[in-house]
Amino acid sequence: MSKLVTIFGGSGFLGRYIARRMAKEGWRVRVAVRRPNEAIFVRPYGAVGQVEPVLANIRDDASVAAAISGADAVVNCVGTFDHKGRNNFEDVHGAGARRIAEAAAAAGITNFVHVSALGADQEAESDYARTKAEGEAAVLAHMPSAVILRPSVMFGTEDGFFNRFASMTRFGPVLPLVGGNTKFQPVYVDDVAKAAVAGALGNAAGGIYELGGAEVDTLLGFVHKMLGVIRRRRLVVNKPFFAGKIIAWCLNAAQTVSLGLFHNSILTQDQVRQLRVDNVVSDGAKGLVDLGIDPTDMDTVLDEYLWVYRPGGQYSDLQASGQNLRNI
């Protein structure tokens, strides 16, 4: 019988790419998620019955142990941007990661991959970055040979980075930013998936890998690149951090007053704190190259999914050709 991998968060942005690649490697894939009925789309990633979503709650010991039972490898790519509620930073990044690693160690798992984030630091001002580091420490306490991946912001068809800014261009001529001068090193989501697969297959040595793409630029620079791809002109305004804190406070207050009917996915105070720190690979850190992966050029990918934000959508090129004919 083929080997089995359990992927916690396997229906998420990154998780689905890992699931697809593990299925191509011939493994059976167990996609552990809170709502299996919403993850049915992963089944066609492999042959009939090869990829299956199962119920798992990383806040529950028995649920985690059941999801890991019989597995040969475990990948944890569960993450959250919610600082409150039951699935907050502490419970997901810290306690959740510890629970999965503890159960994997008890089950005798040797191939363990944990997806953290670039900038993870137990001394960070950002709760997101701090709890990511706490999760790493908890994983290493139970799985010393674990492969820990720290990706920079990831881009790809379903991303929340370029898609978010591109969608904002539809609401007016001004595009406001916070932290426009902060540096980023976006990495293609499928490159991160390749790294996770290398760890799950046992083809990567244990340790921490910082994963960044081929291009480093400021947030302002990447937003202007995005505007070029979607062929729109916008006045990009870089707001100071104190203004960002006020905006984030107002958005959080709106979420509280609305009793959660409005969910603040725009800008939080913790994100403002994150934006104060550059998000690039450290000098001397192990990365994609050490895993035998060449970073994918961003320019070869953005056109594939950002075209939907162009004024003419899929017909933009036809419209441009028609305009050229009229000008002849």
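Residues numbered from 1 in each chain as written. Predicted model: local features only at pLDDT ≥ 70, side-chain atom pairs only at ≥ 80, totals over all residues. Heavy atoms only, no water.

Draft legend 1. Here's a closer look at unusual backbone geometry. Although it is not a glycine, Arg231 sits at a positive phi angle of roughly 60 degrees. Along the chain, the position of Arg231 falls in the loop between α7 (219-230) and β13 (235-239). (Helix = DSSP H or I, 4+ residues; strand = E, 2+ residues; numbered from the N terminus.)

Draft legend 2. Broad picture of the packing of helix α3 (residues 89-106) against helix α4 (residues 127-142). Close contact between α3 and α4 brings their axes to 8 Å; oriented N to C, the two are set at 10 degrees. In terms of their interaxial angle, α3 and α4 are classed as roughly parallel. From α3, Phe89, Glu90, His93, Gly94, Ala97, Arg98, Ala101, Glu102 and Ala105 reach across to α4, where they touch Asp127, Tyr128, Arg130, Thr131, Lys132, Glu134, Gly135, Ala138, Val139 and His142. Class assignment of the residues belonging to the contact of α3 with α4 gives a composition of 7 nonpolar, 5 polar and 7 charged. (Axes fitted to C-alpha atoms, helices over the stretch in contact; angles between N-to-C directions. Parallel < 35°, antiparallel > 145°, perpendicular 65-115°, else oblique. Contact = heavy atoms within 4.5 Å. Nonpolar A, V, L, I, M, F, W, Y, C, P; charged D, E, K, R; others polar.)

Draft legend 3. Spatial organisation of the side chain of His114. The topology assignment puts His114 in strand β5 (residues 111-115). Taking relative accessible area as the criterion, His114 reaches 3% and is therefore assigned buried. Not counting residues within four places of it along the chain, the set of residues in contact with His114 comprises Asn76, Ala97, Gly135, Glu136, Val139, Val147, Ile148 and Leu149. (Buried < 20%, exposed > 50% of the residue type's maximum accessible area, 1.4 Å probe, protein only.)

Draft legend 4. Spotlight on the sheet that holds strand β11 (residues 207-211). Pairing in this open sheet of 7 strands is parallel, and the strands run β3-β2-β1-β4-β5-β6-β11 from one edge to the other. Strand pairing shows two members of the sheet lacking a second neighbour, β3 (51-55) and β11, which therefore form its edges. Direction aside, neighbouring strands of the sheet carry axes that sit 20 degrees apart on average. Judged from the 5 bridges that link them, strand β2 (residues 28-33) and β3 form a sheet pairing that is parallel. In the strand pairing of β3, Val33 is matched with Leu55. The sheet contacts of helix α1 (residues 15-24) involve β1 (4-8), β2, β3 and β4 (73-76), and relative to β2 the element is tilted by about 160 degrees. (Pairing = 2+ DSSP bridges.)

Draft legend 5. Seen up close, the side chain of Thr182. Looking at where Thr182 falls in the secondary structure, it is placed in the loop between β8 (174-178) and β9 (183-184). For Thr182, the side chain forms a polar contact with the main-chain oxygen of Leu275, separated by 2.4 Å. When sequence neighbours within four positions are dropped, the list of residues in contact with Thr182 reads Asp217, Thr218, Leu219, Phe241, Leu275, Val277 and Asp278. (Polar contact = N/O pair within 3.5 Å; in protein donor to acceptor, adjacent residues only side chain to side chain.)

Purely spatial values, then, with no claim about function.
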